[in-house]
Amino acid sequence: MPQKIRKAVFPVAGLGTRFLPATKANPKEMLPVVDKPLIQYAAEEAVSAGIKELVFVTGRNKRSIPDHFDKAYELEHELAERGKDKLLNMVRNIIPSDVLCVYIRQAEALGLGHAVLCAREVVGDEPFAVILADDLIAPRNGLSGLGEMVEVFNYHGCSVLGSERVPHDETHRYGVVSAVESGERLWHVNGIVEKPAPEEAPSNIAVVGRYILTPRIFELLEHTPRGAGGEIQLTDAIAELLQNERVLAYEFEGKRYDCGDKLGYLRATVEYGLRHPELREDFAEYLRGLDVDALIG
Ligand code: G1P
């Protein structure tokens, strides 16, 4: 059995320009889907996959993220005074007490690869996960997206890239792999490129915001030059990693929502609303009664 995956890195220093003005003063990771911010879904996914240390790589304007996971004395006091025990319990238990949150400040937004490198000292010499909170992955059969990947890692003991087949004309939005099928939902990766134009993409298998990586990636990131968009790309370091180690791409069973994109975010909101235990029936009735054509005019 390989070393256990105990730590997850959450790069949350990005500017969220696709969601301006909502993200002018608030991080995109705090956008709610129904009643929970994206970062909380991501943290819950990690915790349910057995992660014990959440490492947030933050930047400017991100103070609400540590605040969200911190103790909220005034709020807890108010809720206790008013006898709102259910809510009190909810805000007290956002993260289980045996899970540690660590915050690292990424002074300059030099790219995803650089953000991951900032976590090197905290992660140390062990395999770890990376979660991009704007990719929301709905659990499937009780297993979270990262949970599925941890099972793959535990069996194969090598780096695993969470992936999904995307329409060919969307490859320019993702890291895209060239790969040979090596099992159910599993691909042996022999190349990866960041945001290729459709005519240059090696396949339509895209990496979607979940990674399990061996610590060798840190050594490679130290020397990774700026790549696509002038940024230090995690994809470029993975391209080097796979020259020396086995890297697998795993196609999730769980459904992914690209919440960094307005349409993806709306889809998530509608579908999570339809699954929400308190809202589902009323919301379904509302949607059924909508006159969509009249609304779009
Ligand atoms: C990042 C990665 C890209 C990956 C994507 C998944 O891009 O660089 O390889 O496919 O996340 O969401 P970003 O969306 O931050 O531009």
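Details of the structure are given in the entry above.
Residues numbered from 1 in each chain as written. Predicted model: local features only at pLDDT ≥ 70, side-chain atom pairs only at ≥ 80, totals over all residues. Heavy atoms only, no water.

(A) Structural view of the packing of helix α3 (residues 73-81) against helix α4 (residues 85-92). Where α3 contacts α4, the axes come no closer than 8 Å and their chain directions differ by 160 degrees. Between α3 and α4, the angle is such that the two are roughly antiparallel. You can see that α3 and α4 cross each other, and the crossing is left-handed. Here L75, E76, L79 and A80 of α3 come into contact with α4, specifically with L87, L88, V91 and R92. For the contact of α3 with α4, the class distribution of residues is six nonpolar, no polar and two charged. (Axes fitted to C-alpha atoms, helices over the stretch in contact; angles between N-to-C directions. Helix = DSSP H or I, 4+ residues; strand = E, 2+ residues; numbered from the N terminus. Parallel < 35°, antiparallel > 145°, perpendicular 65-115°, else oblique. Left-handed = near helix turned anticlockwise from the far one by under 90°. Contact = heavy atoms within 4.5 Å. Nonpolar A, V, L, I, M, F, W, Y, C, P; charged D, E, K, R; others polar.)

(B) Representation of a nonpolar patch on the surface within the structure. There is a patch of nonpolar side chains on the surface, built from V292, L295 and I296 and spanning about 340 Å² of accessible area. You can see I296 is positioned in helix α12 (residues 292-296). (Patch = residues over 30% accessible without salt bridge, like charges linked within 9 Å, V, L, I, M, F, W, Y side chains within 5 Å. Areas by Shrake-Rupley, 256 points an atom, 1.4 Å probe, with all protein chains shown as cover. Salt bridge = Lys/Arg side-chain N within 4 Å of Asp/Glu carboxyl O.)

(C) Expanded view of the site of the ligand. As a structural note, the neighbourhood of the ligand is formed by 13 residues, with D135, G175, E194, K195 and V207 the closest of them. Here an oxygen atom of the ligand and a side-chain polar atom of D135 are 2.7 Å apart. A distance of 3.3 Å separates an oxygen atom of the ligand from a polar atom in the side chain of T235. Taken by itself the ligand offers 380 Å² of open surface, and the protein chains cover 78% of this. No other element matches the four residues that strand β11 (residues 205-213) contributes to the shell around the ligand. (Near = heavy atom within 4 Å. Polar contact = N/O pair within 3.5 Å; in protein donor to acceptor, adjacent residues only side chain to side chain.)

(D) Inspection of the packing of aromatic side chains at higher detail. Inspection of the entire model under this criterion finds nine aromatic pairs. Aromatic side chains F128 and F218 sit 4.9 Å apart centroid to centroid with 5 degrees between the ring planes, which places their arrangement in the stacked category. Of this pair, F128 sits in strand β6 (residues 128-131) while F218 sits in helix α8 (residues 216-222), placing them 90 residues apart in sequence. Here the two residues F128 and F218 agree in accessibility, since each one is buried. For the pair F283 and Y286, a centre-to-centre distance of 6.2 Å together with 20 degrees between the ring planes defines the contact as stacked. Taken together, the positions of F283 and Y286, both in helix α11 (residues 280-288) and three residues apart, correspond to about one turn of that helix. Given a relative accessible area of 23%, F283 falls into the partly exposed group. (Phe/Tyr/Trp six-rings, centres within 6.5 Å; stacked < 30°, edge-to-face > 60°. Buried < 20%, exposed > 50% of the residue type's maximum accessible area, 1.4 Å probe, protein only.)

(E) Structural detail: the pattern of salt bridges. Evaluation of the coordinates by the stated rule reveals 18 salt bridges. A salt bridge links E170 to R173, with the nearest nitrogen and oxygen atoms 3.8 Å apart. The exposure class assigned to E170 is partly exposed, which follows from its relative accessible area of 24%. One network of salt bridges, with partners in common, ties together R6, K7 and E126.

(F) Quick look at the environment of W187. Take W187: it is sitting in strand β10 (residues 186-194). W187 has contacts with R165, A179, V180, E181, S182, I205, V247, L248, A249 and E251, leaving out every residue within four places of it along the chain. Side-chain polar atoms of W187 contact the side chain of E251, separated by 3.0 Å.

Nothing here speaks to function; it is all geometry.
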